[in-house]
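Report on the structure
Below, each chain spelled out in residue letters.
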Amino acid sequence: MSDDTLPEIAPAPVLPESPRITPNHTGALPEEEVERITKDLIGALKTVYDPEIPVDIYELGLIYKVDLDDDRNLAIDMTLTAPGCPVAGEMPGWVENAARSVEGIQDVTVNMVYDPPWDASRMSEEAQVALNWW
């Protein structure tokens, strides 16, 4: 086989990135609506940053759990990179405001949890690259 007749190599398939969070929902909302809310919620959460770290809270892995009920209420469990974080009192409000911006969401409750403690293994690859942690 000559160089000018090399077989074409197909590019690797691009796999869609799976969400790092999936709302727990076992109710009557259509699956498509839950998917839309999830996508929009992720986009909203990606607008919230820890002021000391140049990475959004979603990519940092600070969101532990999201529950969505049939009345379109969200309950979000989140943590901080450290319990003594200077914005510990403000960040839940930022998350609540971001989540309330999602179309169709009626109410949002943000619970601060510290168990399990956050560690760098919860960060996405994007966050690790941004912080040169690999």
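Values in this document were obtained by computation on a predicted structure and should not be read as measured data.

1. As for the nonpolar core
Generally speaking, a soluble globular protein has its nonpolar side chains buried in company with each other. Ranked by size, the top nonpolar core spans 35 residues in total, and within it Ile57, Leu60, Leu74, Ile76, Met91 and Val95 carry the most contacts. Contributing elements (two or more residues each) for this core: helix H1 (31-45), helix H2 (57-60), strand S1 (63-68), strand S2 (73-78), helix H3 (91-100) and strand S3 (107-112). If we skip the residues at most four places from it in the chain, leucine 74 touches Leu41, Val66, Asp67, Leu68, Ala99, Ile105, Asp107, Val108 and Thr109.

2. Re unusual backbone geometry
Cis rather than trans, the peptide bond between aspartate 115 and proline 116 has omega equal to 5°. Structurally, the position occupied by proline 116 is in the loop between S3 and helix H4 (125-130).

3. Describing H1
Given a rise of 1.5 Å per residue, 15 residues ought to cover 21 Å, and the 21 Å separating the end C-alpha atoms of H1 matches this to within 8%. Where H1 is concerned, the buried positions are Glu33, Val34, Ile37, Thr38, Leu41, Ile42, Ala44 and Leu45. Down the axis of H1, the smallest arc covering the buried residues is 170°, so these residues share one side. Turned more than 90 degrees off the buried face of H1, the exposed positions are Glu32 and Lys39. Looking at the buried residues of H1, the elements they touch are H2, S1, S2 and H3.

Rules and cut-offs
- Residues numbered from 1 in each chain as written.
- Predicted model: local features only at pLDDT ≥ 70, side-chain atom pairs only at ≥ 80, totals over all residues.
- Heavy atoms only, no water.
- Core = buried A, V, L, I, M, F, W, Y, C linked by side-chain atoms within 4.5 Å.
- Buried < 20%, exposed > 50% of the residue type's maximum accessible area, 1.4 Å probe, protein only.
- Helix = DSSP H or I, 4+ residues; strand = E, 2+ residues; numbered from the N terminus.
- Contact = heavy atoms within 4.5 Å.
- Expected span 1.5 Å × (residues − 1).
- Arc of directions from axis to C-beta.

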